[in-house]
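A closer look at the structure
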Amino acid sequence: MAFAPISPLTVDGLPKFLSIGYHHLINQAIYTFAELGIADRLIHAPSDHGFTVQEIIGDDQPQWNRDLLYRILRACIYGGIVESIHDDKHFILTASGSMMTSDHPSHVRDFIRLVFGPISNSCSLQLPNMVRGEGTGSGIARVSGGMDMYTFMAQPDQQEFVRIFSGAMTTFSMQNGSELVTNVDFGRFKTIIDIGGNRGTFLAQILESYPSIQQGIVFDLPHVIDQFKNGEEFELRKIHKDKWNFVSGNVFDSSAIPSADAYVLKHILHNFDDSQCVKILSSIREANENQKGKSTTIFIIDHIILPGGSLSNWQTHALDVIMAILFENARERTQDEYKQLLKKAGFELKQMYPIQAPDSIIEATVIH
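Each chain has its residues counted from 1, following the order in which its sequence is written. pLDDT decides what is reported in this predicted model: residues at 70 or higher carry local features, side-chain atom pairs at 80 or more are listed and counted, and totals for whole chains, interfaces and linings draw on all residues regardless. The side-chain quantities take in all heavy atoms of the structure and omit both hydrogens and water.

As annotated in an unreviewed UniProt entry, the protein chain carries the name Acetylserotonin O-methyltransferase and comes from Rotaria sordida. One UniProt comment on the protein chain, placed under Function (unreviewed entry), says "Catalyzes the transfer of a methyl group onto N-acetylserotonin, producing melatonin (N-acetyl-5-methoxytryptamine)." UniProt positions are given in the numbering used here, feature names are shortened, and annotations may be inferred rather than shown by experiment.

This is the structure in structure tokens:
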């Protein structure tokens, strides 16, 4: 949202700021709707009748506050996820609300719970102190006793957060995956590895669109692989089990990375500072040093800051702030900044795909 300059002696701009506040309050109702799993209950309501609050609660949660839930549902109408039917006491899900069930493939519920949940909120509240230079570390480090995001998610008591975080990343892939996949010819390659590929949603989309690819590998940290190695995303798309695999390891250890024709780094490099990015890129290059005379291609997929008033820049700059909060020295970058990182790691930038979905893609290669 763009704000016009406001004179300190007038209140002409107040409606815009008040609107931000009201939208935030509606978001709190939507978060509660997601956290309580209301869509899982309301999905069973007859479309011509709906459910009352009592019918939504049922017999299994008698302690729930009926009046407060009714008021939350009433607010959620303005978020476009529920409708009242016949009177103001019966509710049904909208098409958008139906996407908030726990088993919906978009994982919208996880996305809402991540963005508006307690961990993201508590980390975001550290931003003023981070700007002031008070204390040290990222927002997550400040609320977790000094742990970085990866260490935090590896804790045994954070498995639910890992599941929510992974689901939210799937939401991003579901939102723009097809547009990203169709704008690049991934069919040129026999083997592709998705670095930090999580549950494999994006790689599964690639393999589905390019059946000529012989092998796809999801490479991620052990605690992630342990959760998703059953390959649900690949099974969902009926991709034969011989064409995909999950491998655990650390991307900073070149000996742990399998060799391949191409690598996808989707929402990976923006998690790290420049020196770590160079180490990651160098690690991929070193993993293929024995492929003499062959080339290795990498695809950097991120919210790339584009020149001028590019349409996707408002989303990119917004994400840039939350990256700074959640990850130490993380940031979004311009094409030129990525070009310099690639050069330091021995890669040459070959092509920029300004897809603005809001992700864009950089293709780079190295010949061994």
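Focus: the packing of aromatic side chains
Ring geometry is summarised as follows: Phe, Tyr and Trp rings, the Trp one being its six-membered ring, pair when their centres sit within 6.5 Å, and such pairs are stacked at plane angles under 30 degrees, edge-to-face over 60 and tilted between the two. Overall, the coordinates contain 13 aromatic pairs when judged by the stated rule. For the ring pair Y150 and F327, a centre distance of 5.7 Å and an interplane angle of 55° mean the geometry is tilted. Note that Y150 is positioned in helix α10 (residues 149–153) and F327 in the loop between α16 (313–326) and α17 (335–344), a separation of 177 residues in sequence. Only protein chains enter the accessibility calculation, which uses a 1.4 Å probe. A residue is then buried if its area is under 20% of the maximum for its type, exposed if over 50%, and partly exposed in between. Accessibility expressed as a relative area gives 26% for Y150, which makes it partly exposed. Owing to a relative accessible area of 6%, F327 belongs among the buried residues under this scheme. An aromatic cluster is built from Y150, F252, F272 and F327, whose rings are joined through pairwise contacts. One Lys or Arg, K266, reaches over the ring of F202 and ends 5.4 Å from the middle of that ring. Numbering of helices and strands runs from the N terminus; a helix is a DSSP stretch of H or I covering at least four residues, while a strand is a stretch of E covering at least two. Only when the NZ of Lys or the CZ of Arg is both within 6 Å of the ring centre and within 35 degrees of the ring normal is a charge said to sit over the ring.

Considerations on the nonpolar core
Here, nonpolar core refers to any group of buried Ala, Val, Leu, Ile, Met, Phe, Trp, Tyr and Cys residues whose side-chain atoms link them within 4.5 Å. The biggest cluster of nonpolar side chains holds 32 residues, and the ones touching the most others in it are I195, I298 and L342. Those elements that provide at least two residues to this core are β3 (191–195), β4 (215–220), β6 (262–266), α15 (274–286), β7 (295–302), α17, β8 (348–353) and β9 (360–367). Here the element with the most residues in this core is α15; it accounts for five residues. The contact criterion used throughout is that any non-hydrogen atoms of two residues lie within 4.5 Å. Beyond its immediate sequence surroundings of up to four residues, L342 is in contact with L281, I298, I300, F347, L349, I362 and A364.

Some thoughts on the packing of helix α11 (residues 159–182) against helix α12 (residues 201–209)
Axis definition: a line fitted to C-alpha atoms, over the contacting stretch in the case of helices. Angles run 0 to 180 degrees between N-to-C directions. Contact geometry for α11 and α12: axes closest at 9 Å, N-to-C directions at 30°. Taken together, the axis directions place α11 and α12 in an arrangement best described as roughly parallel. Where α11 crosses over α12, the handedness of that crossing is right-handed. Where α11 approaches α12, its residues T170, S173, M174, G177, S178, L180 and V181 are matched on the opposing element by T201, F202, Q205, I206 and S209. Comment on the angle field: the value is read as roughly parallel under 35 degrees, roughly antiparallel over 145, roughly perpendicular from 65 to 115, and oblique elsewhere. Handedness of a crossing follows from how the near helix is turned relative to the far one, being left-handed for an anticlockwise turn of less than a right angle and right-handed for a clockwise one.

Remarks on the sheet that holds β8
One bridge is not enough; two strands pair if DSSP finds at least two bridges between them. Taken in spatial order, the seven strands of this open sheet run β5-β4-β3-β6-β7-β9-β8, and their pairing is mixed. Both outer strands of the open sheet, β5 (244–248) and β8, are each paired with one neighbouring strand and no more. In this sheet, adjacent strand axes meet at a mean angle of 20° when their direction is disregarded. Pairing geometry for β4 and β5, over five bridges, is parallel. Bridge pairing in β5 places V218 opposite F246. Across the sheet, α11 touches β6, β7 and β9, and the angle it forms with β6 is around 135°.

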